[in-house]
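# Residue-level structure breakdown
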Amino acid sequence: MKYGVNEQGYYGDFGGAYIPEMLYPNVEELRQQYLNIINDAGFKEEFDQLLKDYVGRPSPLYHAKRYSEKYGANIFFKREDLNHTGSHKINNAIGQILLAQRLGKKRIIAETGAGQHGVATATVCALKGIECVVYMGEVDMERQAPNVARMKMLGATVVPAKSGSKTLKDATNEALRDWIANPVDTHYIIGSVVGPYPYPDMVARFQSIISLEAKAQLKEHTGKELPEYVLACVGGGSNAMGMFYHFLDDESVKLVAVEAAGKGVDSGHSAATTFLGREGVLHGSRTILMQTDDGQVVEPYSVSAGLDYPGIGPQHAHLYKINRAQYVSVTDDEALKAGLLCSQMEGIIPAIESAHAFAQLEKMKFKADDNVIVCLSGRGDKDLDTYIKYFNF
Ligand SMILES: *Cc1c(COP(=O)(O)O)cnc(C)c1O
């Protein structure tokens, strides 16, 4: 693949595995084994079976008629919100639990922001009867309380991260610390296309089912091989990478990645990584991140817990730098309004993360026969509290 990872674990200038020595055996074990394991016929069979019977795949590609009229193009939603546990995160969690089993691991750890990755991980651990510990920022535990309850009900231990902005970045730091302390029996299920190589490539492969299905489904709907535009929101970038994956080499397809501008890119309360960030190392890979002049990570902000992250995955950093994808940002207000619009025009309450991708439609100009696919990464149940407070329902 032209835009895929090279043998050293890099996408152009980005990627690699910048890890403390204590983690080297874990990451090296993964690097040596991941392709053998996920290309094994038995693995593929179990993965496909679970995606079908447990997750409910394929997720529909829905032709949104009222949106199509409003925006003057054929607008399709890729319905990851309909997956079991309510988002795309389960695709990756299933892949990684099967991998962890084959590596003989007895304990799973994970980080979570919005709680969707924590719920997906707690779910697959219940499915396999494996111990599960999820790290979550204290602020996120409050704003995504329903997901904390779900994780506990599923049998996971949820540990609050109390450092920094008490959000996703801090939860990731805690999870990495745990992994360093428990290198032999524990597998760390990272929830996005971030972290040291091979995680960004591994997670992208597990999420690539999104574009594999969407490509075939678009053909069924329209007779066309390719859409003109594909849009997705970006926190770390896993739903976007899954949505882009099988379109990357089709250069005519315009890829649009939507970051969270928070209260505005210049407000000091933002998570618009490509706009505000510079090249550096975060959570094990060389990428683009928000940092001060002396290299301290800047605390990000977004109303959306899943996008409230100061970096992006290294493959996104590469696609940004070489201009293969366009990176834009949407504010809290724009996203929340887009979430309300989607609810009232299409009868679908989207996650606030996904609502960022919908908000971008307002800023684009289409031709009448353009086909546009938006990744509806998750459902909005977890965000009702935030929506209610914002709109005073
Ligand atoms: C976690 C999450 C995101 C952001 O993560 P990515 O890795 O960028 O996809 C987006 N949408 C939903 C619904 C999520 O749960």
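A short tour of the structure in this document, coming up. (Residues numbered from 1 in each chain as written. Predicted model: local features only at pLDDT ≥ 70, side-chain atom pairs only at ≥ 80, totals over all residues. Heavy atoms only, no water.)

### Let's talk about the side chain of Thr273
For the record, the criterion: Only runs of H or I of at least four residues qualify as helices and only runs of E of at least two qualify as strands under DSSP, and these elements are numbered from the N terminus. Burial classification: accessible surface area is computed with a 1.4 Å probe over protein chains only, and a residue below 20% of its type maximum counts as buried, one above 50% as exposed, and the rest as partly exposed. The term polar contact refers here to a pair of N or O atoms within 3.5 Å; inside protein, the definition further demands a hydrogen-donor-capable atom paired with an acceptor-capable atom, and it admits residues adjacent in sequence only when both atoms are side-chain atoms.
With respect to the helices, strands and loops of the structure, Thr273 is situated in helix H12 (residues 273–276). Relative accessible area serves as the criterion here: at 1%, Thr273 is assigned to the buried category. There is a polar contact of 3.5 Å between the side chain of Thr273 and the backbone oxygen of Gly311.

### What to know about the environment of Leu154
Rule in force here: By definition in these notes, contact holds between two residues if any of their heavy atoms fall within 4.5 Å.
Relative to the helices and strands, Leu154 resides in the loop between helix H7 (145–153) and strand E7 (157–161). Assessed through its relative accessible area of 33%, Leu154 is described here as partly exposed. Excluding residues within four positions of it along the chain, Leu154 makes contact with Val119, Ala122, Thr123 and Ala126.

### Concerning unusual backbone geometry
Note the cis peptide between Arg57 and Pro58, where omega equals 0 degrees. Structurally, Pro58 can be placed in the loop between helix H2 (41–55) and strand E3 (61–63). With an omega of 15 degrees, the peptide bond running from Tyr197 to Pro198 counts as cis. Mapping Pro198 onto the fold places it in the loop between strand E8 (186–188) and helix H9 (199–207). Positive phi outside glycine occurs at His283, with the angle close to 45 degrees. As for its position among the elements, His283 is in the loop between strand E11 (278–282) and strand E12 (285–289). Positive phi, normally seen in glycine, also occurs at Asn323, with a value near 65 degrees.

### With respect to the site of the ligand
Threshold: When we say a residue is near a molecule or strand, we mean one of its heavy atoms is within 4 Å of it. Surface accessibility follows the Shrake-Rupley procedure with a 1.4 Å probe radius. Residue values consider only the protein chains on display as shielding. Gly falls in the polar group here, along with every residue not listed as nonpolar (Ala, Val, Leu, Ile, Met, Phe, Trp, Tyr, Cys, Pro) or charged (Asp, Glu, Lys, Arg). Domain start and stop positions are those given by an automatic or database domain assignment.
Of all residues adjacent to the ligand, which total 18 residues, the nearest are Lys89, Ser192, Gly235, Gly237 and Ser238. Starting from 380 Å² of accessible surface for the ligand in isolation, the protein chains cover 96%. Taken together, the residues of the shell around the ligand sort by class into four nonpolar, 12 polar and two charged. Both domains that furnish three or more residues to the shell around the ligand are identified here as domain 1 (17–50 + 89–203) and domain 2 (56–87 + 208–391).

### A short note on the state of the cysteines
So the rule is basically this: Our working definition of a disulfide is a cysteine sulfur pair at a distance within 2.5 Å.
For the structure on display, the rule yields zero disulfides. Residue Cys132 stays outside any disulfide, its sulfur separated by 3.9 Å from that of Cys125, the closest cysteine. You can call Cys132 buried: its relative accessible area is 4%. Note on Cys342: no disulfide assigned, nearest cysteine sulfur contributed by Cys375 at a separation of 13 Å. Judged by its relative accessible area of 0%, Cys342 is buried.

### Points about the sheet that holds E3
Which entries qualify depends on this criterion: Whether two strands pair depends on DSSP finding at least two bridges between them. To get an axis, fit a line to the C-alpha atoms, keeping to the stretch in contact for a helix; angles then go from 0 to 180 degrees between the N-to-C directions.
An order of E3-E4-E14-E9-E10-E13 is seen for the six strands of this open sheet, with the pairing classed as mixed. Strand pairing shows two members of the sheet lacking a second neighbour, E3 and strand E13 (325–331), which therefore form its edges. For this sheet, the mean angle separating the axes of adjacent strands, direction not counted, is 25 degrees. Two elements, strand E9 (residues 229–233) and strand E14 (residues 371–376), share three bridges in a ladder whose sense is parallel. Each residue of the ladder has a partner; that of Tyr229, found in E14, is Val372. Seen against the sheet, helix H15 (residues 352–361) touches strand E4 (74–79), E9, strand E10 (254–262), E13 and E14 and runs at an angle of roughly 140 degrees to E9.

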